[in-house]
Amino acid sequence: MKDIIIATTNAGKFREIRSLIAGGFERFYSLLDLHDQVTVDENSPFYAENAMKKARKIGEHFGMAALADDSGLEVKALGGRPGVHSSRYGKDDAHRISRLLGELEGIPWEERNAVFKAYVALHIPQKDRCYVFYGELKGYIGFEEHGTNGFGYDPVFYSPELDRYLAELSTEEKNILSHRGRAIAALKRFIGTTPK
Ligand code: ITT
């Protein structure tokens, strides 16, 4: 397997995933690089199901290994929202962040705990197999934005493990401990131990 499609239109995700699997493949494509427009409805309330659906549909359509991520931010004080709807919480990252901070107005630091979840699915059409892996990162939603790296909710997500906001980290630093980094580490361990 030399080629892989990273089944995303999110440039931030693509950058992180490509860096995480850099040694394993020669060529990486995102959905933005491919001419055929294949739409996948992410309509399940379960991240794993959406990730598998995306990987399978894209892998089968292009006849190539495909890796898809379905991820989200769950905030305890908001009953787990935005959750599986994280990308639809506002029209762009700025709106999503301001809506989140608005909904958390008046909530003290110790009740602002949150978790990022990532389910990463790898579909290999030649073997008709789809594998799914999970990773999470616990932290807190700050009161204002910090840092300019990363994407999505990174400027307001504080990680006690790293003692920094995710948008203050380089891609490589974030990948070591992030939800996506952990899911892909599990995928790599699995691939490394699976007979070819
Ligand atoms: P694709 O479906 O094309 O991959 P998407 O952005 O719509 O792109 P998701 O449906 O998985 O992807 O939505 C995940 C959303 O959760 C994403 O848009 C961000 O708002 C947020 N998110 C996930 N991981 C994140 C991270 O590492 N840092 C910041 N925000 C993240």
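Just above sits the structure.
What counts, and at which threshold
Residues numbered from 1 in each chain as written. Predicted model: local features only at pLDDT ≥ 70, side-chain atom pairs only at ≥ 80, totals over all residues. Heavy atoms only, no water. Helix = DSSP H or I, 4+ residues; strand = E, 2+ residues; numbered from the N terminus. Rg over C-alpha atoms; globule rule 2.2 N^0.38 Å. Buried < 20%, exposed > 50% of the residue type's maximum accessible area, 1.4 Å probe, protein only. Contact = heavy atoms within 4.5 Å. Areas by Shrake-Rupley, 256 points an atom, 1.4 Å probe, with all protein chains shown as cover. Lys, Arg positive; Asp, Glu negative; His and termini not counted. Charge placed at Lys NZ, Arg CZ, Asp CG, Glu CD.

A tally of regular secondary structure across the protein chain gives five helices and eight strands. The order of α-helices and β-strands along the protein chain, N terminus first, is β-α-β-α-β-β-α-β-β-β-β-α-α. For 196 residues, the compact-globule estimate of 2.2 N^0.38 gives 16 Å, and the C-alpha radius of gyration of the protein chain, at 17 Å, lies within 12% of that figure. Taken over the C-alpha atoms alone, the protein chain extends approximately 55 × 30 × 25 Å along its principal axes. Considering the protein chain as a whole, with its 196 residues, one finds that 47% of them fall into the buried category. Sequence separation of 24 or more characterises 58% of the internal contacts of the protein chain that already satisfy a separation of 6 or more. As presented, the protein chain carries roughly 10000 Å² of accessible surface, and 51% of it is formed by carbon and sulfur atoms. The positive charge centre, built from 27 side chains, and the negative charge centre, built from 28, are 6 Å apart in the protein chain.

Mapped onto the fold, Pro-125 is located in the loop between strand E5 (113-124) and strand E6 (129-141). Pro-125 sits in the partly exposed class, given a relative accessible area of 23%. Each C-alpha atom, one on Pro-125 and one on Ser-71, is 23 Å from the other, the two residues being 54 residues apart in sequence. Discounting residues that sit within four places of it in the chain, Pro-125 has contacts with Gly-59, Gly-63, Met-64 and Ala-65.

As far as function goes, none of this settles anything; it's purely spatial.
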